[in-house]
Structures are given as C-alpha cells and as structure tokens.
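Each chain, written out:
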Amino acid sequence: MDTQWDVVVIGAGASGMMCAATAGYRGKNVLLLDHANRPGKKILMSGGGRCNFTNLNATPEDYRSHDPHFCISALKRYTPYDFLELVERHGIDHVEKAPGQLFCSDSAKPIVEMLTTECEWAGVALRCSVSVDAVVRDGEGFCLETTEGQLRTKKLVIATGGYSIPTLGATGFGFELARQFGLNVWDTRPALVPFTLTSLWKERFAALAGLATPVDVQCGDAIVRGDVLLTHRGISGPAVLDISGDWVPGQALKINWWPDGVLYDDLIEWRDTSPRKSVVTMLSERLPKRLAQALVQWFCEKDTILAECSNAYLKQLSSAVQECELKPAGTEGWRTAEVTLGGIDTRLISSKDMSVKTIPNLYFIGEVLDVTGRLGGFNFQWAWASGVACGQAI
Ligand code: FDA
C-alpha cells in the first residue's frame, strides 16, 4: 500500500464511497479504507434488501439533531434528484413504494456496484479488510497505523457510521477518534428500532405476532401514521421505527388502532343502522378480524350486539381503541437499529465542507455526525449529501 495520500477516507459505506469518488474526480489521490471484507455492506441489507436510497420529499425538518440548521446547506447543494440522476445514469431500475420513497426494483446490489464503479472511474484506491489501529497528527496532515502498515495523508475523512448492526462492521471508531481530538460527542442511542414489551402487552401482541395494520402512533408531541407490526418481542413496522427516534426510556406510546375517523361516532351510527350486528363484526369491516377480536377481548372482555351497548360502554371502548397507551420496556438495541441518534456535535463542524473547525484537514461525514433522518430514505440522502459536500471541497 502506498504511504503518502492526498486524502484517506476511513469507512467504505454510503458517505465514504460518495466522498471518495467526488474527491477522486477532482484529481485527488484518494485511498478508501474499510475493515470489513467488502464495501457497502449496510447498503446491501437496507430497505429490506432493496435499499430505500433517497426520499424525493426530503427537507431539513426530516432530520433530528441538536443543531437543526447544520444539515441545510449540504442537503440543498446535493438533492435527492441529483442522486436519482446518478442512479438513472447507471441504468438502475427503481420504484416509488410510498410517496417520495425510492427503492431499487429488485435488489440493493446495483447501488453498491454503482458506487464502487464511480470510485474506480475516479481513480480511488479501495482497500478492504484493513483496520486502523491509531491516528496521530503529522504536521498539517495525519499518520495512520494500520494492519497493512503505516501511511500518511494530507487530509483525513472519517466516514465510519454509527453503532447499529455490529455484525455488519459497525464500530464506535468515529466517536472515539472525535473524542481523541477533543470534540464533543452527544450521547448516542439506537433509533429506527423496534420496541420490546414485557408482561401483559408482550403476551397480547405475541398472540397476534405477524399481524400488520395501519395506525397513528404518538410519542410526546410526535405522531406518525403508518403500519405497525406486532411481533413476539413487542412492536415494529414503519410507524413504530419512525417514532422510536422521538422516544426516551420510560415514555409511553399511544396507539390509535382506528386512525381514520372517530370510532365513537361510527359505533353510534352502526347501532342505528345495524343493531343486530356485533361489535367485532363491525370493527372487522376496517380492521383485520384477529385484531378486532383482540381489541374487544382486551377492552370489553366479551363481544355483544350493538343494540345492547350503552353510549357509555361505546365511549369507553372507543377511547381504549383510539388512545391505547403502552409503555415499552426498551428497544431491540444496536442489534437491529437502523441508525444512531446523537453523535459528533455539529457545532464544531463546518456545514459547508464537513471539516472540523478547530483541526485543519480533519473531516467527519455521514451518520457519525449528530444528524439522524426519519425512516424513508432520509439517512442515505444525508450520507450522499454530506459525502459530496466534503468531496467537493477537500
Ligand atoms: P455506513 O454504516 O454506511 O458505513 C460505515 C463504514 O465504515 C462501514 O463500511 C464499516 O465497515 C466501516 N467502519 C466502521 N468502523 C470502522 C473502522 N474502525 N475501521 C474501518 N472501517 C470501519 N437508510 C436509508 O436512508 N434507507 C434505508 O432503506 C435504510 N435501511 C437500513 C436498514 C438497516 C438494516 C440499517 C442498519 C440501516 C438502514 N439505513 C437506511 C441507514 C443507512 O444504512 C445509514 O444511515 C447509512 O449507511 C450511513 O452511512 P455512513 O456512510 O455514515 O455509514
């Protein structure tokens, strides 16, 4: 391995590959390192194997950060349409699964192939299965001790991502290096992650494991509409993953199992029009039958015909169904979380080029920074945009 580089990028994931290719096209002598045996492993398993590679409706409001303005500049300069243009130039088939959410039609593999091809065309040297043991200042640049020997670089980019899914190569390397250079790192916790439950709710949901249904789920002031998936351990599904970024341990979630309309009004109307029908029968018109049966069992114990239901009884049932409160025991943690909430304090980073304001020639990009997108392609868009912002300036 050559020992002197213009740019070394540590982490051949989404942001690292994007940054390396962008810098390489500008004539920089770039080395892209990863300790995993191949690049872009997380991309391959993202979006259920089909990579939700961007969201056409991404705005800075879709990101959580202690410094909400930080992401604006990079997101504005490299938009979802810029990435889509790249995807289309490489002839990758894609679909819009939900409004704005673009996925590969078949598999995420072409996205990794596209990024490695771009790196190759840009003259980037990609080296996998290389670990970095130490990073020290070397004049205005850096000296790296790696498992392949010592190397020097004028500029160093850290693109090592967050803690989620350690089996895919995730480490706290970026956070530790930031601390080594005296930067503040906000507390981190898993986000876009399923919740675990204990006792009663765990038993209730385990009996319905595999069932998915649209709900409104609320946590504090945040409300997300989407599918919830009941599991043997607790709750998952897009709405739940999305709201997990707003959750703090000990907080309760409120689930509205009847998200369209006011259930009490519907029940009163049905009691007039179909008095001989049972509550479960009527609820099953819009809910999966197993869920309708379970809701009545949880909140009323037994099913009855509507003619026998008092207003007070229907009111109580409606409130229980539309404001069902449960307290998660915790989350499934880094093992299944899609992203890391928190990270490197962006007040110390230039929003123009991702450089550390106090340490010349050191850069951080992607998820290692305190910028966390919602569910739906926002996190990759941040990885592309921050990678490009850095690659264009470095
Ligand atoms: P990323 O994690 O991509 O890359 C970091 C790289 O650094 C890795 O290759 C790793 O091996 C390497 N590395 C780590 N430590 C190192 C060390 N010490 N030395 C050398 N190399 C090191 N987002 C989205 O927008 N749409 C989606 O569909 C999904 N789906 C999804 C599914 C799952 C299961 C997960 C876990 C995550 C998602 N995401 C997602 C989130 C998305 O994958 C994530 O935000 C980006 O990959 C972050 O890009 P980065 O480049 O910052 O890190």
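Criteria and thresholds
- For every chain, the first residue of its written sequence is number 1, and the numbers climb from 1 along that sequence.
- Since the coordinates come from a predicted model, pLDDT governs what is reported: local features require at least 70, and pairs of side-chain atoms require 80 or more to be given and counted, while whole-chain, interface and lining totals use all residues.
- The basis for every side-chain value is the complete set of heavy atoms in the structure, and neither hydrogens nor water enter the calculation.
- UniProt positions are given in the numbering used here, feature names are shortened, and annotations may be inferred rather than shown by experiment.
- The cutoff for a nearby residue is simple: one of its non-hydrogen atoms must lie within 4 Å of the molecule or strand.
- The term polar contact refers here to a pair of N or O atoms within 3.5 Å; inside protein, the definition further demands a hydrogen-donor-capable atom paired with an acceptor-capable atom, and it admits residues adjacent in sequence only when both atoms are side-chain atoms.
- Put simply, DSSP marks the helices as runs of H or I at least four residues long and the strands as runs of E at least two long, and each gets a number from the N terminus on.
- Note on definitions: the grid is 1 Å and covers protein atoms alone; a cavity is a set of points where a 1.4 Å probe fits but cannot get out; a pocket is an open set with protein on both sides within 12 Å along at least five of seven lines; lining residues have an atom within 4 Å of a point.
- Grid points are joined across faces, edges and corners, and a volume is the space filled by probe spheres set on the points.
- Asp, Glu, Lys and Arg are counted as charged, while Ala, Val, Leu, Ile, Met, Phe, Trp, Tyr, Cys and Pro are counted as nonpolar; the rest, among them Gly, fall into the polar class.
- Two strands make a pair as long as DSSP finds a minimum of two bridges between them.
- Note on geometry: axes are lines fitted to C-alpha atoms, helical ones only across the stretch in contact, with angles between N-to-C directions running from 0 to 180 degrees.
- Each residue is assigned to one of three classes by its accessible area relative to the maximum for its type, calculated with a 1.4 Å probe on protein chains only: buried under 20%, partly exposed between the two thresholds, exposed over 50%.
- We call two residues in contact whenever any of their non-hydrogen atoms come within 4.5 Å of each other.

The UniProt entry for the chain carries the following comment under Cofactor (unreviewed entry): "FAD".

**Focus: the site of the ligand**
Close to the ligand lie 30 residues; Ser-15, Asp-34, Thr-171, Glu-367 and Phe-380 are nearest. Thr-171 places a polar side-chain atom, nitrogen or oxygen, 2.6 Å from a nitrogen atom of the ligand. Taking Glu-338, its side chain carries an N or O atom lying 3.5 Å from a nitrogen atom of the ligand. Counting only elements with at least two residues in the shell around the ligand, the list comes to helix H1 (14-25) and helix H13 (378-393). Here the shell around the ligand takes four residues from H13, the largest share from any one element.

**Digging into the layout of surface pockets**
In this model, the second largest pocket occupies a volume close to 200 Å³. The wall of the second largest pocket is formed by 13 residues, among which Met-18, Tyr-78, Leu-86, Arg-89 and Glu-118 lie closest to the centre. Elements with a contribution of two residues or more to the lining of the second largest pocket: H1, helix H4 (80-89) and helix H5 (109-121). Broken down by class, the residue content of the lining of the second largest pocket amounts to eight nonpolar, one polar and four charged.

**Section: the pairing of strand E14 (residues 222-230)**
With eight bridges connecting them, strand E13 (residues 212-219) and E14 associate as antiparallel partners. Across the sheet, residue Ala-212 finds its bridge partner in E14, namely Leu-229. Both E14 and strand E15 (residues 234-236) contribute to a ladder of two bridges, which runs antiparallel. Note on E15: the bridge partner recorded for Leu-230 is Ile-235.

**Side note on the sheet that holds strand E5 (residues 94-98)**
If you trace the three strands from one edge of the open sheet to the other, you get E3-E6-E5, paired in antiparallel fashion. The two strands at the open ends of the sheet, each matched to only one other strand, are strand E3 (52-55) and E5. The average angle at which neighbouring strand axes cross in this sheet is 35°, direction not considered. Sheet topology places E5 next to strand E6 (residues 101-104); four bridges connect them, and they run antiparallel.

**Points about the side chain of Asp-62**
Note that Asp-62 resides in the loop between E3 and strand E4 (63-64). Taking relative accessible area as the criterion, Asp-62 reaches 9% and is therefore assigned buried. Setting aside anything within four residues of it in sequence, one finds Asp-62 in contact with Asn-57, Thr-372, Gly-373, Arg-374 and Phe-378.

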